[in-house]
Amino acid sequence: AASPASEPVATAPSPEKAFARPAMPAAPVGTDALRGLKILVVDDSPTVTTVIKYFLELDGFSVVIAEDGAAGLAAASRDHPALIVSDVNMPGMDGITMVRSIRQDPALRDVPVLMLTSEGNVDIEVQGLAVGADDFILKPVEPRRLAARIRALLGRTTAGATAVGREGAAGS
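Being a predicted model, the structure only gives us computed values, none of them experimental.

**Some points on the sheet that holds strand β5 (residues 135–138)**
Read from one edge of the open sheet, five strands run β2-β1-β3-β4-β5, paired in parallel fashion. Across the chains shown, the open sheet's two edge strands, defined by having one partner strand only, are β2 (62–66) and β5. Going across the sheet, the axis of each strand differs from the next one's by a mean of 20 degrees, ignoring polarity. Of the strand pairs in this sheet, strand β1 (residues 38–42) and β2 are connected by five bridges, and their pairing is parallel.

Shown next as structure tokens:
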């Protein structure tokens, strides 16, 4: 007969180990590759733009602000951002009209656009997606959600690499 000591005994992990969270990396994946990329934030609320700018700069992004769609379109043409975050409802040119114009501009058409809206209106999201917005976030914006969506969009597009290439060419 085999002795009990010679047979492996399965033991359950302690509750602390069973429910322990995996170690999180010090920074999100791809942080270094995205550091310094230019994000254009278009919103008519100085409070919103100040908060978004603060948190995106903490994440290592360079941030340009515009107060409405017309100023956003001009800033996008001038600054060649890697990504645009824009409110939907603004005086003058709204975000939907701005996105439509961006998608018609060969120099900007591939720049990802993340729309912000204070309305949980599906029709507005459908309209924005139809003209070329890449994603929507409902206001009030939670900074970690915004940063995660930006990283996801930049990770799926070549705009980040294109923007880096443009900045390098501009500095030559």
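**Things to note about the side chain of D79**
Inspection of the secondary structure puts D79 in helix α4 (residues 69–79). Side chain to side chain, D79 and R78 meet in a polar contact 3.0 Å long. D79 has contacts with K38 and V64, leaving out every residue within four places of it along the chain.

**Re a nonpolar patch on the surface**
On the surface, a nonpolar cluster with roughly 390 Å² of combined accessible area is contributed by V51, Y54, F55 and L58. Inspection of the secondary structure assignment puts L58 in helix α3 (residues 46–58). For L58, a relative accessible area of 55% translates into the label exposed.

**Some remarks on the pattern of salt bridges**
Going through the model one piece at a time under the given rule, you end up with eight salt bridges. Linking E57 and K53 is a salt bridge whose minimum nitrogen-to-oxygen distance equals 3.0 Å. Taken together, the residues span about one helical turn, with E57 and K53 both in helix α3 at a distance of four residues. For E57, a relative accessible area of 38% puts it in the partly exposed group. K53 sits in the partly exposed class, given a relative accessible area of 29%. For D134, the salt bridge identified is with R103, shortest N-O distance 2.9 Å. Taken together, the residues D134 in the loop between α6 (122–131) and β5 and R103 in helix α5 (residues 95–104) connect sequence positions 31 residues apart. One continuous salt-bridge network, built from bridges that share partners, spans D43, D87 and K139.

Analysis parameters
Residues numbered from 1 in each chain as written. Predicted model: local features only at pLDDT ≥ 70, side-chain atom pairs only at ≥ 80, totals over all residues. Heavy atoms only, no water. Pairing = 2+ DSSP bridges. Helix = DSSP H or I, 4+ residues; strand = E, 2+ residues; numbered from the N terminus. Axes fitted to C-alpha atoms, helices over the stretch in contact; angles between N-to-C directions. Polar contact = N/O pair within 3.5 Å; in protein donor to acceptor, adjacent residues only side chain to side chain. Contact = heavy atoms within 4.5 Å. Patch = residues over 30% accessible without salt bridge, like charges linked within 9 Å, V, L, I, M, F, W, Y side chains within 5 Å. Areas by Shrake-Rupley, 256 points an atom, 1.4 Å probe, with all protein chains shown as cover. Salt bridge = Lys/Arg side-chain N within 4 Å of Asp/Glu carboxyl O. Buried < 20%, exposed > 50% of the residue type's maximum accessible area, 1.4 Å probe, protein only.

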